[in-house]
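Chain by chain, the residues run as shown.
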Amino acid sequence: MATWMTRSPVLDVATQARTQGIYPYFKDVNGRPGPSQVVVDGTRAVDFASSDYLGLATDPRVTRAAADGAAQWGTSCSGSQCIAGTFSVHRELEEELADFLRRDAVLLTATGYQANLALACLFDQSHLVLADRHNHASLMDAVRLGRAGLRSFRHNDTAHAVRLLEEGATAAGLIPLIVTEGAFSLGGAPAPLPLLAAAAHHRRGALIVDGAHDIGVYGAGGRGMAEHLACEAEVDVLTGTFSKAIGSVGGFIAGPHDVIATLRHLGRASVYAAALPPPAAAAALAALRIVRSEPERRETLWRNAEHLHRRLAGGQTLSAGVPTPRATTAAGQAGPVATVPVPSGPEAMHIWRALLDAGVYAALFLPPSTPDGPLLRLSVTASHTTSQIEDLTALVHQVLSSPTRV
(Lines give C-alpha, C1' and ligand atoms only; values in the text may rest on other atoms or scores of the structure.)
Protein backbone atom coordinates (compact mmCIF):
# COMPACT_ATOMS: atom_id res chain seq x y z
CA MET A 1 0.00 0.00 0.00
CA ALA A 2 1.15 3.56 -0.70
CA THR A 3 2.89 4.82 2.44
CA TRP A 4 1.47 8.32 2.01
CA MET A 5 -2.17 7.18 2.03
CA THR A 6 -4.33 6.76 5.11
CA ARG A 7 -5.70 3.23 5.02
CA SER A 8 -9.47 3.00 5.05
CA PRO A 9 -11.28 0.16 6.87
CA VAL A 10 -13.27 -0.26 3.66
CA LEU A 11 -10.22 -1.86 2.05
CA ASP A 12 -10.07 -4.56 4.72
CA VAL A 13 -13.78 -5.34 4.32
CA ALA A 14 -13.41 -5.49 0.53
CA THR A 15 -10.38 -7.77 0.74
CA GLN A 16 -12.16 -10.16 3.09
CA ALA A 17 -15.26 -10.21 0.87
CA ARG A 18 -13.18 -11.01 -2.21
CA THR A 19 -11.47 -13.85 -0.35
CA GLN A 20 -14.88 -15.31 0.53
CA GLY A 21 -16.22 -14.84 -3.00
CA ILE A 22 -19.02 -12.50 -1.89
CA TYR A 23 -17.68 -9.13 -3.09
CA PRO A 24 -20.63 -7.54 -4.97
CA TYR A 25 -18.91 -4.67 -6.78
CA PHE A 26 -16.99 -4.15 -10.03
CA LYS A 27 -18.14 -7.52 -11.30
CA ASP A 28 -17.20 -8.49 -14.84
CA VAL A 29 -20.29 -8.84 -17.00
CA ASN A 30 -19.04 -11.27 -19.64
CA GLY A 31 -22.01 -11.01 -21.94
CA ARG A 32 -25.67 -10.16 -22.54
CA PRO A 33 -27.11 -13.36 -24.03
CA GLY A 34 -30.68 -12.10 -24.16
CA PRO A 35 -33.11 -9.37 -23.01
CA SER A 36 -32.56 -8.64 -19.31
CA GLN A 37 -29.92 -11.37 -19.10
CA VAL A 38 -26.25 -11.13 -18.19
CA VAL A 39 -23.37 -13.50 -17.54
CA VAL A 40 -21.57 -12.68 -14.28
CA ASP A 41 -18.77 -14.81 -12.86
CA GLY A 42 -19.71 -17.47 -15.41
CA THR A 43 -23.30 -17.54 -14.15
CA ARG A 44 -26.14 -16.70 -16.49
CA ALA A 45 -28.53 -14.50 -14.54
CA VAL A 46 -31.57 -12.31 -14.97
CA ASP A 47 -30.48 -8.71 -14.57
CA PHE A 48 -32.39 -6.84 -11.86
CA ALA A 49 -29.47 -4.51 -11.10
CA SER A 50 -29.69 -2.41 -14.26
CA SER A 51 -31.52 0.90 -14.64
CA ASP A 52 -32.19 0.27 -18.33
CA TYR A 53 -35.86 0.82 -17.55
CA LEU A 54 -37.19 0.72 -21.12
CA GLY A 55 -34.80 -1.95 -22.38
CA LEU A 56 -33.26 0.40 -24.95
CA ALA A 57 -29.56 -0.22 -24.24
CA THR A 58 -29.67 -3.38 -26.38
CA ASP A 59 -32.40 -2.34 -28.81
CA PRO A 60 -31.05 -3.00 -32.35
CA ARG A 61 -32.07 0.48 -33.50
CA VAL A 62 -30.07 2.09 -30.72
CA THR A 63 -26.97 -0.09 -31.11
CA ARG A 64 -27.07 0.43 -34.87
CA ALA A 65 -27.24 4.21 -34.36
CA ALA A 66 -24.16 4.04 -32.14
CA ALA A 67 -22.27 2.05 -34.77
CA ASP A 68 -23.32 4.43 -37.53
CA GLY A 69 -22.34 7.38 -35.33
CA ALA A 70 -18.86 5.97 -34.84
CA ALA A 71 -18.49 5.39 -38.56
CA GLN A 72 -19.59 8.93 -39.42
CA TRP A 73 -17.99 11.01 -36.65
CA GLY A 74 -15.42 8.73 -35.02
CA THR A 75 -15.26 7.52 -31.45
CA SER A 76 -14.32 10.82 -29.79
CA CYS A 77 -14.61 14.56 -30.31
CA SER A 78 -11.11 14.87 -28.80
CA GLY A 79 -12.03 18.09 -27.06
CA SER A 80 -14.71 19.96 -25.17
CA GLN A 81 -17.98 21.04 -26.74
CA CYS A 82 -16.94 24.62 -26.06
CA ILE A 83 -13.84 24.52 -28.27
CA ALA A 84 -14.06 21.95 -31.06
CA GLY A 85 -16.36 19.21 -29.83
CA THR A 86 -19.81 20.32 -30.96
CA PHE A 87 -20.81 18.06 -33.83
CA SER A 88 -24.08 18.19 -35.72
CA VAL A 89 -25.31 15.13 -33.82
CA HIS A 90 -24.89 17.03 -30.54
CA ARG A 91 -26.89 19.97 -31.80
CA GLU A 92 -29.62 17.70 -33.13
CA LEU A 93 -29.83 15.86 -29.82
CA GLU A 94 -29.95 19.12 -27.82
CA GLU A 95 -32.74 20.51 -29.99
CA GLU A 96 -34.85 17.34 -29.94
CA LEU A 97 -34.37 16.90 -26.20
CA ALA A 98 -35.35 20.52 -25.52
CA ASP A 99 -38.47 20.01 -27.62
CA PHE A 100 -39.29 16.75 -25.84
CA LEU A 101 -38.86 18.25 -22.36
CA ARG A 102 -40.59 21.51 -23.35
CA ARG A 103 -37.58 23.57 -22.30
CA ASP A 104 -35.91 26.54 -23.97
CA ALA A 105 -32.51 24.93 -24.34
CA VAL A 106 -30.33 21.96 -23.39
CA LEU A 107 -26.63 21.56 -22.62
CA LEU A 108 -25.05 18.11 -23.03
CA THR A 109 -22.32 16.61 -20.87
CA ALA A 110 -20.30 13.41 -21.11
CA THR A 111 -21.91 11.94 -17.95
CA GLY A 112 -24.91 12.57 -15.76
CA TYR A 113 -22.56 13.23 -12.85
CA GLN A 114 -20.95 16.07 -14.82
CA ALA A 115 -24.34 17.56 -15.63
CA ASN A 116 -25.00 18.04 -11.93
CA LEU A 117 -21.45 19.24 -11.19
CA ALA A 118 -21.84 21.93 -13.86
CA LEU A 119 -24.62 23.46 -11.76
CA ALA A 120 -22.03 24.70 -9.27
CA CYS A 121 -21.58 27.99 -11.13
CA LEU A 122 -25.22 28.83 -10.41
CA PHE A 123 -24.72 28.63 -6.64
CA ASP A 124 -23.18 31.93 -5.48
CA GLN A 125 -23.16 34.01 -2.29
CA SER A 126 -26.61 35.44 -2.99
CA HIS A 127 -28.17 31.98 -2.70
CA LEU A 128 -29.00 29.44 -0.03
CA VAL A 129 -29.30 25.88 -1.34
CA LEU A 130 -31.78 23.60 0.38
CA ALA A 131 -31.10 19.98 -0.55
CA ASP A 132 -32.90 16.74 0.23
CA ARG A 133 -30.70 14.55 2.43
CA HIS A 134 -31.15 11.62 0.05
CA ASN A 135 -29.92 13.53 -3.00
CA HIS A 136 -27.40 11.85 -5.28
CA ALA A 137 -23.73 12.48 -4.48
CA SER A 138 -23.30 14.51 -7.67
CA LEU A 139 -25.88 17.06 -6.51
CA MET A 140 -24.22 17.37 -3.12
CA ASP A 141 -20.79 17.74 -4.72
CA ALA A 142 -22.13 20.51 -6.96
CA VAL A 143 -23.27 22.49 -3.94
CA ARG A 144 -19.91 22.03 -2.24
CA LEU A 145 -18.15 23.32 -5.37
CA GLY A 146 -20.36 26.41 -5.44
CA ARG A 147 -20.24 29.41 -3.14
CA ALA A 148 -23.72 29.23 -1.69
CA GLY A 149 -24.61 28.10 1.80
CA LEU A 150 -26.24 24.70 2.24
CA ARG A 151 -29.06 23.42 4.43
CA SER A 152 -30.16 19.78 4.14
CA PHE A 153 -33.78 18.93 4.83
CA ARG A 154 -35.21 15.58 5.87
CA HIS A 155 -36.06 13.27 2.99
CA ASN A 156 -39.17 14.52 1.17
CA ASP A 157 -40.10 16.68 4.19
CA THR A 158 -41.43 19.92 2.72
CA ALA A 159 -42.27 21.39 6.13
CA HIS A 160 -38.66 20.94 7.24
CA ALA A 161 -37.43 22.51 3.99
CA VAL A 162 -39.68 25.53 4.51
CA ARG A 163 -38.52 25.96 8.11
CA LEU A 164 -34.87 25.87 7.06
CA LEU A 165 -35.66 28.27 4.23
CA GLU A 166 -37.25 30.77 6.59
CA GLU A 167 -34.46 30.44 9.13
CA GLY A 168 -31.69 30.77 6.57
CA ALA A 169 -32.68 32.39 3.29
CA THR A 170 -35.45 34.67 4.54
CA ALA A 171 -33.56 35.85 7.61
CA ALA A 172 -30.39 36.60 5.65
CA GLY A 173 -32.08 37.98 2.54
CA LEU A 174 -30.77 35.12 0.37
CA ILE A 175 -32.44 33.61 -2.70
CA PRO A 176 -33.48 30.01 -1.99
CA LEU A 177 -32.63 27.25 -4.46
CA ILE A 178 -34.29 23.93 -3.64
CA VAL A 179 -32.46 20.93 -5.11
CA THR A 180 -33.97 17.45 -5.24
CA GLU A 181 -34.27 14.31 -7.29
CA GLY A 182 -37.56 13.70 -9.08
CA ALA A 183 -37.69 9.98 -8.27
CA PHE A 184 -35.03 8.85 -5.83
CA SER A 185 -32.65 6.15 -6.99
CA LEU A 186 -33.03 4.01 -3.86
CA GLY A 187 -36.66 3.03 -3.64
CA GLY A 188 -37.99 5.31 -6.35
CA ALA A 189 -39.88 7.54 -3.91
CA PRO A 190 -41.19 10.70 -5.62
CA ALA A 191 -40.26 14.17 -4.43
CA PRO A 192 -43.18 16.48 -3.51
CA LEU A 193 -42.34 18.74 -6.44
CA PRO A 194 -45.45 20.97 -6.39
CA LEU A 195 -44.97 21.81 -2.71
CA LEU A 196 -41.22 22.39 -3.06
CA ALA A 197 -41.76 24.60 -6.09
CA ALA A 198 -44.34 26.69 -4.25
CA ALA A 199 -41.96 27.14 -1.30
CA ALA A 200 -39.10 28.25 -3.55
CA HIS A 201 -41.12 30.55 -5.81
CA HIS A 202 -42.92 32.23 -2.90
CA ARG A 203 -39.52 33.68 -1.97
CA ARG A 204 -38.27 34.46 -5.52
CA GLY A 205 -36.23 31.27 -5.64
CA ALA A 206 -36.03 28.28 -7.96
CA LEU A 207 -36.52 24.51 -7.98
CA ILE A 208 -33.81 22.36 -9.56
CA VAL A 209 -34.68 18.70 -10.20
CA ASP A 210 -32.48 15.76 -11.13
CA GLY A 211 -34.65 13.52 -13.30
CA ALA A 212 -32.14 10.71 -13.79
CA HIS A 213 -34.54 7.99 -12.66
CA ASP A 214 -37.83 9.45 -13.89
CA ILE A 215 -37.27 11.01 -17.33
CA GLY A 216 -38.45 8.51 -19.93
CA VAL A 217 -40.30 6.58 -17.25
CA TYR A 218 -42.96 8.76 -15.59
CA GLY A 219 -45.69 10.83 -17.20
CA ALA A 220 -47.96 10.05 -20.12
CA GLY A 221 -45.35 11.46 -22.49
CA GLY A 222 -42.35 10.14 -20.56
CA ARG A 223 -41.16 13.60 -19.54
CA GLY A 224 -40.64 12.58 -15.94
CA MET A 225 -41.96 13.11 -12.45
CA ALA A 226 -42.87 16.76 -13.05
CA GLU A 227 -45.18 15.71 -15.89
CA HIS A 228 -46.57 12.90 -13.74
CA LEU A 229 -47.37 15.39 -10.97
CA ALA A 230 -48.63 18.06 -13.38
CA CYS A 231 -46.05 20.67 -12.37
CA GLU A 232 -43.64 20.90 -15.31
CA ALA A 233 -43.89 24.68 -15.52
CA GLU A 234 -42.89 24.99 -11.85
CA VAL A 235 -39.54 23.19 -12.31
CA ASP A 236 -36.94 25.82 -13.23
CA VAL A 237 -33.97 23.62 -14.17
CA LEU A 238 -33.97 19.93 -15.01
CA THR A 239 -30.95 17.65 -15.17
CA GLY A 240 -30.75 14.06 -16.28
CA THR A 241 -28.76 11.23 -17.77
CA PHE A 242 -28.99 9.05 -20.85
CA SER A 243 -27.67 6.05 -18.91
CA LYS A 244 -31.02 4.99 -17.46
CA ALA A 245 -34.23 4.96 -19.53
CA ILE A 246 -32.55 6.49 -22.61
CA GLY A 247 -30.25 3.50 -23.08
CA SER A 248 -26.97 5.31 -23.79
CA VAL A 249 -24.53 7.33 -21.69
CA GLY A 250 -24.12 11.05 -21.03
CA GLY A 251 -25.93 13.82 -19.22
CA PHE A 252 -27.85 17.02 -19.85
CA ILE A 253 -29.19 20.19 -18.27
CA ALA A 254 -32.44 21.69 -19.55
CA GLY A 255 -33.78 25.12 -18.71
CA PRO A 256 -34.21 28.76 -19.71
CA HIS A 257 -31.95 30.23 -22.40
CA ASP A 258 -30.03 32.46 -19.97
CA VAL A 259 -29.35 29.59 -17.56
CA ILE A 260 -28.05 27.31 -20.30
CA ALA A 261 -25.97 30.13 -21.80
CA THR A 262 -24.37 30.71 -18.39
CA LEU A 263 -23.59 27.01 -18.03
CA ARG A 264 -22.08 26.85 -21.52
CA HIS A 265 -19.49 29.43 -20.52
CA LEU A 266 -19.06 28.93 -16.76
CA GLY A 267 -20.05 25.32 -16.05
CA ARG A 268 -16.55 24.00 -15.41
CA ALA A 269 -17.56 20.33 -15.46
CA SER A 270 -18.69 20.85 -19.06
CA VAL A 271 -16.36 23.58 -20.35
CA TYR A 272 -13.19 21.76 -19.30
CA ALA A 273 -14.25 18.21 -20.13
CA ALA A 274 -14.36 16.22 -23.36
CA ALA A 275 -17.68 16.32 -25.16
CA LEU A 276 -20.16 13.47 -25.23
CA PRO A 277 -18.72 10.87 -27.68
CA PRO A 278 -20.60 10.97 -31.00
CA PRO A 279 -21.63 7.27 -30.90
CA ALA A 280 -23.25 7.87 -27.49
CA ALA A 281 -25.00 10.99 -28.75
CA ALA A 282 -26.29 9.14 -31.80
CA ALA A 283 -27.53 6.27 -29.61
CA ALA A 284 -29.26 8.70 -27.23
CA LEU A 285 -30.95 10.45 -30.15
CA ALA A 286 -32.27 7.16 -31.54
CA ALA A 287 -33.46 6.09 -28.09
CA LEU A 288 -35.16 9.42 -27.45
CA ARG A 289 -37.16 9.02 -30.64
CA ILE A 290 -38.26 5.56 -29.49
CA VAL A 291 -39.28 6.96 -26.10
CA ARG A 292 -41.45 9.54 -27.87
CA SER A 293 -42.99 7.19 -30.44
CA GLU A 294 -43.53 4.01 -28.40
CA PRO A 295 -45.47 4.76 -25.20
CA GLU A 296 -46.32 1.08 -24.98
CA ARG A 297 -42.82 0.51 -23.57
CA ARG A 298 -43.77 2.56 -20.51
CA GLU A 299 -47.06 0.71 -20.27
CA THR A 300 -45.19 -2.60 -20.17
CA LEU A 301 -42.78 -1.21 -17.60
CA TRP A 302 -45.63 -0.15 -15.31
CA ARG A 303 -47.34 -3.51 -15.59
CA ASN A 304 -44.07 -5.19 -14.65
CA ALA A 305 -43.51 -2.76 -11.78
CA GLU A 306 -46.98 -3.37 -10.38
CA HIS A 307 -46.46 -7.12 -10.64
CA LEU A 308 -43.08 -6.88 -8.87
CA HIS A 309 -44.44 -4.90 -5.94
CA ARG A 310 -47.59 -6.97 -5.66
CA ARG A 311 -45.59 -10.19 -5.53
CA LEU A 312 -43.11 -8.79 -2.99
CA ALA A 313 -45.82 -7.36 -0.75
CA GLY A 314 -47.83 -10.57 -0.97
CA GLY A 315 -45.06 -12.70 0.50
CA GLN A 316 -44.36 -13.43 4.11
CA THR A 317 -42.58 -10.97 6.38
CA LEU A 318 -38.89 -11.06 5.60
CA SER A 319 -35.96 -11.77 7.87
CA ALA A 320 -35.51 -9.72 11.05
CA GLY A 321 -39.25 -8.99 10.96
CA VAL A 322 -38.86 -6.28 8.33
CA PRO A 323 -41.51 -6.31 5.59
CA THR A 324 -40.62 -5.45 2.02
CA PRO A 325 -41.50 -1.80 1.40
CA ARG A 326 -43.64 -0.77 -1.54
CA ALA A 327 -42.26 2.19 -3.49
CA THR A 328 -45.06 4.31 -4.94
CA THR A 329 -45.55 7.61 -6.70
CA ALA A 330 -47.74 10.36 -5.34
CA ALA A 331 -50.57 8.93 -7.45
CA GLY A 332 -50.24 5.55 -5.76
CA GLN A 333 -48.49 3.91 -8.68
CA ALA A 334 -45.79 1.34 -8.00
CA GLY A 335 -42.39 2.46 -9.30
CA PRO A 336 -39.86 0.34 -11.20
CA VAL A 337 -37.49 0.15 -8.22
CA ALA A 338 -37.99 -1.83 -5.01
CA THR A 339 -35.59 -1.78 -2.08
CA VAL A 340 -35.42 -4.55 0.47
CA PRO A 341 -33.72 -4.07 3.86
CA VAL A 342 -31.17 -6.84 4.48
CA PRO A 343 -29.07 -7.72 7.52
CA SER A 344 -25.96 -5.70 8.16
CA GLY A 345 -22.36 -6.65 7.52
CA PRO A 346 -21.07 -9.63 5.56
CA GLU A 347 -24.45 -11.36 5.79
CA ALA A 348 -25.84 -8.90 3.24
CA MET A 349 -23.10 -9.88 0.81
CA HIS A 350 -23.79 -13.56 1.38
CA ILE A 351 -27.44 -12.90 0.49
CA TRP A 352 -26.39 -11.06 -2.66
CA ARG A 353 -24.15 -14.01 -3.62
CA ALA A 354 -26.91 -16.53 -2.96
CA LEU A 355 -29.18 -14.64 -5.33
CA LEU A 356 -26.51 -14.57 -8.03
CA ASP A 357 -25.80 -18.28 -7.65
CA ALA A 358 -29.54 -18.88 -8.11
CA GLY A 359 -29.61 -16.80 -11.30
CA VAL A 360 -30.54 -13.28 -10.14
CA TYR A 361 -28.17 -10.32 -10.48
CA ALA A 362 -29.23 -7.69 -7.94
CA ALA A 363 -27.67 -4.46 -6.65
CA LEU A 364 -26.48 -4.20 -3.06
CA PHE A 365 -25.96 -0.84 -1.33
CA LEU A 366 -24.06 -0.59 1.94
CA PRO A 367 -23.43 2.25 4.41
CA PRO A 368 -22.45 5.07 4.10
CA SER A 369 -24.46 5.12 0.85
CA THR A 370 -27.40 3.87 2.90
CA PRO A 371 -27.02 5.25 6.46
CA ASP A 372 -29.87 3.13 7.86
CA GLY A 373 -28.31 -0.16 6.79
CA PRO A 374 -27.81 -2.33 3.69
CA LEU A 375 -30.43 -2.30 0.97
CA LEU A 376 -30.98 -4.74 -1.84
CA ARG A 377 -32.23 -2.82 -4.89
CA LEU A 378 -34.30 -4.61 -7.51
CA SER A 379 -34.97 -2.72 -10.74
CA VAL A 380 -37.60 -3.98 -13.14
CA THR A 381 -37.59 -3.05 -16.83
CA ALA A 382 -39.87 -3.30 -19.83
CA SER A 383 -37.78 -6.26 -21.01
CA HIS A 384 -38.53 -8.51 -18.04
CA THR A 385 -41.09 -11.25 -18.47
CA THR A 386 -43.83 -12.12 -16.00
CA SER A 387 -42.16 -15.44 -15.23
CA GLN A 388 -38.81 -13.74 -14.55
CA ILE A 389 -40.48 -11.42 -12.03
CA GLU A 390 -42.30 -14.28 -10.35
CA ASP A 391 -39.12 -16.34 -10.12
CA LEU A 392 -37.31 -13.33 -8.65
CA THR A 393 -39.85 -12.62 -5.92
CA ALA A 394 -40.10 -16.27 -4.93
CA LEU A 395 -36.32 -16.46 -4.67
CA VAL A 396 -36.06 -13.23 -2.64
CA HIS A 397 -38.55 -14.52 -0.10
CA GLN A 398 -36.81 -17.88 0.03
CA VAL A 399 -33.30 -16.45 0.53
CA LEU A 400 -34.29 -13.77 3.02
CA SER A 401 -36.44 -16.09 5.11
CA SER A 402 -33.41 -18.27 5.84
CA PRO A 403 -30.30 -16.14 5.26
CA THR A 404 -26.79 -17.48 5.66
CA ARG A 405 -25.47 -16.71 9.12
CA VAL A 406 -21.86 -15.64 9.43
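Higher on the page you've got the structure.
Residues numbered from 1 in each chain as written. Predicted model: local features only at pLDDT ≥ 70, side-chain atom pairs only at ≥ 80, totals over all residues. Heavy atoms only, no water.

Novice: Just to check I follow, could you spell out the overall build of the protein for this structure?
Specialist: Looking only at helices and strands, the protein has 14 helices and 14 strands in total. Taken along its principal axes, the extent of the C-alpha atoms in the protein is 55 × 55 × 55 Å. Counting all 406 residues of the protein, 56% fall into the buried class. Across the protein, the fraction of contacts at a sequence separation of at least 24, relative to all contacts at a separation of at least 6, is 70%. In the structure as shown, the protein presents an accessible area of about 17200 Å², 54% of it carried by carbon and sulfur atoms. Each charge class in the protein was averaged separately, 33 positive and 36 negative side chains, and the resulting centres sit 3 Å apart. (Helix = DSSP H or I, 4+ residues; strand = E, 2+ residues; numbered from the N terminus. Buried < 20%, exposed > 50% of the residue type's maximum accessible area, 1.4 Å probe, protein only. Contact = heavy atoms within 4.5 Å. Areas by Shrake-Rupley, 256 points an atom, 1.4 Å probe, with all protein chains shown as cover. Lys, Arg positive; Asp, Glu negative; His and termini not counted. Charge placed at Lys NZ, Arg CZ, Asp CG, Glu CD.)

Novice: Would you explain the sheet that holds strand β3 (residues 43–47) in this entry?
Specialist: What holds strands together in a sheet is hydrogen bonding between their backbones, with the strands either parallel or antiparallel. Spatially, the four strands line up as an open sheet ordered β1-β2-β3-β12, and their pairing is mixed. At either margin of the open sheet sits one strand with a lone partner, and together these are β1 (29–34) and β12 (360–361). (Pairing = 2+ DSSP bridges.)

Novice: Which parts of the structure should I look at to understand the packing of aromatic side chains?
Specialist: To describe a pair of aromatic rings, one takes the distance between the centres and the angle between the planes. Tallying each qualifying case throughout the model produces three aromatic pairs. Centre to centre, the rings of Y218 and W302 are 4.9 Å apart; their planes meet at 65°, and the pair counts as edge-to-face. Of the two residues, Y218 sits in the loop between β8 (206–210) and α8 (225–228) while W302 sits in helix α12 (residues 296–313), which places them 84 residues apart along the sequence. Residue class for W302 comes out buried when judged on its relative accessible area of 13%. It is R18 that lies over the ring of Y23; its NZ or CZ is 4.2 Å from the centre. (Phe/Tyr/Trp six-rings, centres within 6.5 Å; stacked < 30°, edge-to-face > 60°. Lys NZ or Arg CZ within 6 Å of the ring centre and 35° of its normal.)

Novice: Help me understand a nonpolar patch on the surface, please; the structure alone is not making it clear to me.
Specialist: Together, W4, M5 and L11 make up a nonpolar patch on the protein surface, roughly 360 Å² of accessible area in all. Along the polypeptide, M5 turns up in the segment before α1 (9–20). (Patch = residues over 30% accessible without salt bridge, like charges linked within 9 Å, V, L, I, M, F, W, Y side chains within 5 Å. Salt bridge = Lys/Arg side-chain N within 4 Å of Asp/Glu carboxyl O.)

Novice: Could you clarify how one ought to interpret the side chain of D47 in this entry?
Specialist: Tracing the chain through its elements places D47 in strand β3. Buried within the structure, D47 lacks any salt-bridge partner; its nearest side chain of opposite charge belongs to R32, at an N-O separation of 5.3 Å. A polar contact of 2.9 Å, which involves the side chain of D47, links it to the backbone nitrogen of A49. (Polar contact = N/O pair within 3.5 Å; in protein donor to acceptor, adjacent residues only side chain to side chain.)

Novice: What exactly am I supposed to notice about the sheet that holds strand β11 (residues 337–341) here?
Specialist: Spatially, the three strands line up as an open sheet ordered β11-β14-β13, and their pairing is antiparallel. Looking at which strands have only one partner, the edges of the open sheet turn out to be β11 and β13 (363–365). On average, adjacent strands in this sheet sit at an angle of 25° to one another, irrespective of strand direction. (Axes fitted to C-alpha atoms, helices over the stretch in contact; angles between N-to-C directions.)

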